[in-house]
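Each chain, letter by letter, is given below.
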Amino acid sequence: MGETMEDPSTCNAENFNSERSHGNMNNSRGSVASNIIVNHDFSRGLDSWHPNCCHAFVVSAEPGRNHAVVTNRKEHWQGLEQDISGKVSAGPTYSVSARVGISGPIQSSAVVMATLKLEFHHSPTTFMFIGKSSVSKDKWETLEGKFQLSTLPDRVIFYLEGPSPGIDLLIESIEIACPSMIRSVDTRAGCFAFGDENIILNPKFEDGLNNWSGRGCKIALHDSMGDGKIMPMSGKFFASATERTQSWNGIQQEISGRVQRKLAYEVTALVRIFGNNVSSSDVRATLWVQTPDSREQYIGIANSQATDKDWVQLQGKFLINASPSKVVVYLEGPPPGTDILLNSLVVKHAEKVPPSPPPVIENPAFGVNIVTNSSLYDGTNQWFPLGSCTLSVQMGSPHILPPMARDSLGAHEPLSGRYILVTNRTQTWMGPAQMITDKLQLYLTYQVSAWVRIGSGASGPQNVNVALSVDNQWVNGGQVEINGDTWHEIAGSFRIEKKPDKVMVYVQGPVSGVDMMLAGLQIFPVDRQARFRHLKRQTDKIRKRDVILKFSGSDSSSLVGTFVKVRQTQNSFPIGACVNRTNIDNEDFVDFFVKHFNWSVFGNELKWYWTEPQQGNLNYKDADDILTLCQNNNIEARGHCIFWEVDDAVQSWVKSLSTDDLRTAVQNRLNGLLTRYKGKFKHYDVNNEMLHGSFYQGRLGKDIRANMFKTANQLDPTATLFVNDYHIEDGCDTRSSPEKYIEQILDLQEQGAPVGGIGIQGHIDSPVGPIVCSALDKLGILGLPIWFTELDVSSINEYIRGDDLEVMLREAFAHPAVEGVMLWGFWELFMSRENSHLVNAEGDVNETGRRLLSLKQEWMSRAHGHIDENGQLEFRGFPGSYEVEIVSVSKKVSKTFVVDKGESPLVVSVNL
């Protein structure tokens, strides 16, 4: 053929000018023909190439062998670029290979990166990281990577960047090849180069402090500190953020262009602290994101308790919803004067974790008490006193099971009437205890039940708690407040998901010197499936309505015997979800939200600290944006919240106001919010968590709470006004028992407050149906609609999490007082609790999410049959929208109709 090629093995790796590998970017002889880069080897000078805010020229080191020199670089992103618009398409995976080098005042290596700039006419410009290579001075290296475009931008620009300012970038050749023309390229999904690579430049400080900077402080490089007592855990160097004057000061790196929206990234850092006589402190990894419209967002990635003794690992994940214009990752947290030390930082595309399998539970023995000698027929055998108290067995306790246990266990033998009397208590934690380590099974949900009572001598109400010590960690098994000399039911639940070495159950609570009595302690695994069968029957009774379809037409007699199919298209029962402003920049999130939910609540965007972070500085834009999305998709919205009674949730400028100024600010908040959004929010949580906080009442007097309701009602009479609080339904918080909630609501109503609804937040662990139902029954006597307003459940196992969610949704849907359920989020990395999501970060619906969708499908009615001699078809269905299809020999006709809530049969005329 007359073509000769140099053998790459003869190249001298140490000779910068002679290291060449002509034509071996890949193994295909036709590779050059498939290259979409014009003037790939600079044989035509800089034709088709453009320096990005810097200078460039071409050098001919040898005849026929050229390379470009990019010089006068002031920023790391400055380099050489080429417009490849029209040469790439959406879908295929493209391989990139470039021969690069560096030159200039550098002693070690530098990182060179390949990047795409993607420009859109109607949306912000984004950047896609392709690949990178560590390059040493006087040595050519091959930079390789791959990219794939999900959608085709209006303009695509390829460029090389990366070395520190002042370092020249050398480029010998570049190839971008289409995989369909190169057999050696792996085109399988998920083969992106960025998936396994650290996007942090100079992550172990081998290149000094290049690519790093201080965030409001100075940074320094070390190989040791503290007279050699502090050494790097890995590598040779570490950095410190020093002279910090604010807690947010720290070390940072800009990663703009190297992260993509809608991808999950995992972050791992080795950190410790030094100085200022602080031995331990919280260190946080945070992401600062700026969008092209100048919106700013701070994303908390991870936090860890760092010490001055050892390096600790900081680990977390993040995802960016919107196309960012600038992204910075930084460390912060310790008090001013304390240095943050960083040994290494890794940020890379998070691996997809395989779903957890359903746990294998052998012989669960539902309903069987695991407490030994609970009846006390054998005295105090198997029991022991915790501390120096004294245990004895007495007679005179109830023979009947506590009601919540009876609802779970059904028919049960009477209790023995014996109880443990605990005397000589000198600490609140003293009481009866028993080891139950070997009797527990992982992932089973256990219900706790007992009768408890206290002796005389207490000066006021006393808390009694059934607790578990799981490897010396306290687990709440239920609490009750006792006031008076009577027996009280205590109920709770728990679950263990990691094998423990030691588990002890004990009862504690009253102040020292007060005797305590315990009778009939039961701890048993609950049969959730049996409860579900009961709830299904209950749901059919209270949620469905008899419907009579009455058909008419020009020849109604011919309709008899005609086949009819009825299908529900939408259930009108409100099932909603929490949405944050950043979520709606993610079209995958929005798609799931509008498809599966008919109500919404805003995570933070309507709260006072968000809408007015500084006095007079109002921000309603975020709330407006979410509200517009909801209105465009016929989704109703709850207003959460006008005020928040808990001290920590009140912004500092509000706390600093005088009494008169605070009263004025409260009135301004009511006027501003409810006038602006009049008629747009169906509900308002007026003063959040009044059972757990008292800021406004403490500053402005008892009347302020009722006045908030009254004023809100005057400003927007169409909105239903709710109280809203947590731990109402789970038996684990005596401050917010159903009885105390009822007392608070009645007190507000007596003051004239138009309380129109009861909000139960529903942040619950290991829910047990009868305990939840008991709270709903008690609150139901008020005759007000009950909503679960912030429901979330948590488990490391998706199947168990799905079970928990199913418990709560079924209990709600089967209870006549409940009129709606709001989930407090559904998307991973945007939940208030770990392991509570229904959809994984990159959009995959997990087992918990599938459980929700399955229940929603179950609650869509279907029916079929033939029109009877009366021209009718009868069925029983849930309220909502329906489609009916009439199929005859000659034609098929479809009609729609709506079933409203009601108890009497609904007659729907269908005119054919």
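Placed above this text is the structure.
In what follows, the accompanying structure is described.

Parameters at a glance
Residues numbered from 1 in each chain as written. Predicted model: local features only at pLDDT ≥ 70, side-chain atom pairs only at ≥ 80, totals over all residues. Heavy atoms only, no water. Helix = DSSP H or I, 4+ residues; strand = E, 2+ residues; numbered from the N terminus. Expected span 1.5 Å × (residues − 1). Buried < 20%, exposed > 50% of the residue type's maximum accessible area, 1.4 Å probe, protein only. Polar contact = N/O pair within 3.5 Å; in protein donor to acceptor, adjacent residues only side chain to side chain. Contact = heavy atoms within 4.5 Å. Salt bridge = Lys/Arg side-chain N within 4 Å of Asp/Glu carboxyl O. Pairing = 2+ DSSP bridges. Right-handed = clockwise from strand over helix to strand, strands pointing away. Phe/Tyr/Trp six-rings, centres within 6.5 Å; stacked < 30°, edge-to-face > 60°. Lys NZ or Arg CZ within 6 Å of the ring centre and 35° of its normal. Axes fitted to C-alpha atoms, helices over the stretch in contact; angles between N-to-C directions. Core = buried A, V, L, I, M, F, W, Y, C linked by side-chain atoms within 4.5 Å.

### Some points on helix H13 (residues 798–813)
Spanning 16 residues, H13 covers 22 Å between terminal C-alpha atoms, matching the ideal 22 Å at 1.5 Å per step. H13 sits mainly inside the fold: 15 of its 16 residues count as buried. The N-cap of H13, judged by a side-chain oxygen 2.9 Å from the amide nitrogen of Tyr799 a few residues on, is Asn797.

### Considering the environment of Asn66
Secondary-structure assignment places Asn66 in strand E3 (residues 65–71). Through-space distance from the C-alpha of Asn66 to that of Ile171 is 8.9 Å; in sequence the pair is 105 residues apart. In contact with Asn66, other than residues within four places in its own chain, are Asp41, Phe42, Ser43, Val58, Val59, Ser60 and Glu172. Polar contacts involving the side chain of Asn66 include one to the main-chain carbonyl oxygen of Phe42, which spans 3.2 Å.

### Remarks on the pattern of salt bridges
In the structure shown here, the tally under the stated rule is 44 salt bridges. One salt bridge connects Arg295 with Asp293, and the closest N-O pair in it is separated by 3.6 Å. A network of salt bridges, in which partner residues are shared, links Asp803, Glu806, Arg810, Glu847, Arg850, Arg851 and Glu858.

### Let's talk about the pairing of strand E32 (residues 563–571)
In the sheet, E32 pairs with strand E41 (residues 862–866) via 5 bridges, with the strands oriented antiparallel. The residue bridging Arg567 from the neighbouring strand is Arg862, located in E41. Relative to strand E43 (residues 880–887), E32 runs antiparallel, the two sharing 8 bridges. Counterpart to Val564 in the pairing with E43 is Ile886.

### Observations regarding the pairing of strand E38 (residues 757–760)
Side chains of E38 alternate between two faces, with Gly757 and Gly759 and Ile758 and Ile760 buried alike. The pairing of strand E37 (residues 720–725) with E38 spans 4 bridges and is classified as parallel. Following the sheet pairing, Phe722 is matched in E38 by Gly757. The parallel pair E37 and E38, bridged by helix H11 (residues 738–750), forms a crossover whose chirality is right-handed. Pairing analysis gives 3 bridges linking E38 to strand E39 (residues 786–791), with the strands arranged parallel. From the neighbouring strand, Gly759 faces E39, where its bridge partner is Trp787. In the classification by handedness, the crossover that spans E38, the intervening helix H12 (residues 769–780) and the parallel E39 is right-handed.

### Re the packing of aromatic side chains
Under the definition given, this model contains 31 aromatic pairs. Taking 5.7 Å as the distance between ring centres and 55° as the angle between the ring planes, the aromatic pair formed by Phe875 and Tyr882 counts as tilted. Look at Tyr882 and you get buried, because its relative accessible area is 1%. One aromatic cluster is present, formed by Phe589, Phe592, Phe593, Phe597, Phe826 and Trp827 through successive ring pairs. The side chain of Arg272 reaches across the aromatic face of Trp311, ending 5.4 Å from its centre. The ring of Phe532 has Arg810 sitting right over it, with the charged end atom 5.5 Å from the ring centre.

### Details of the sheet that holds strand E20 (residues 339–349)
Read from one edge of the open sheet, 5 strands run E12-E13-E20-E15-E18, paired in antiparallel fashion. Each edge of the open sheet carries a strand with a single partner, namely strand E12 (218–222) and strand E18 (312–319). Each strand of the sheet is rotated relative to its neighbour by a mean of 35°, with strand direction disregarded. Bridge analysis of strand E13 (residues 238–242) against E20 gives 3 bridges, and the strand direction is antiparallel. Note that in E20 the partner of Ala239 across the bridge is Leu342.

### Here's the deal with the nonpolar core
One finds Leu549 and Tyr696 to be the most contacted residues of the largest nonpolar core, which totals 109 residues. Top contributing element to this core by residue count: helix H8 (residues 659–676), with 6 residues. Sequence-distant contacts of Tyr696, that is, excluding residues within four places in its chain, are made with Trp608, Phe643, Trp644, Glu645, Val650, Val654, Leu662, Val666, Asn687, Gly701, Ile704 and Met708. Counting residues in each nonpolar core, the second largest holds 41 residues, with Phe205, Ala241, Val289 and Ile301 among its members.

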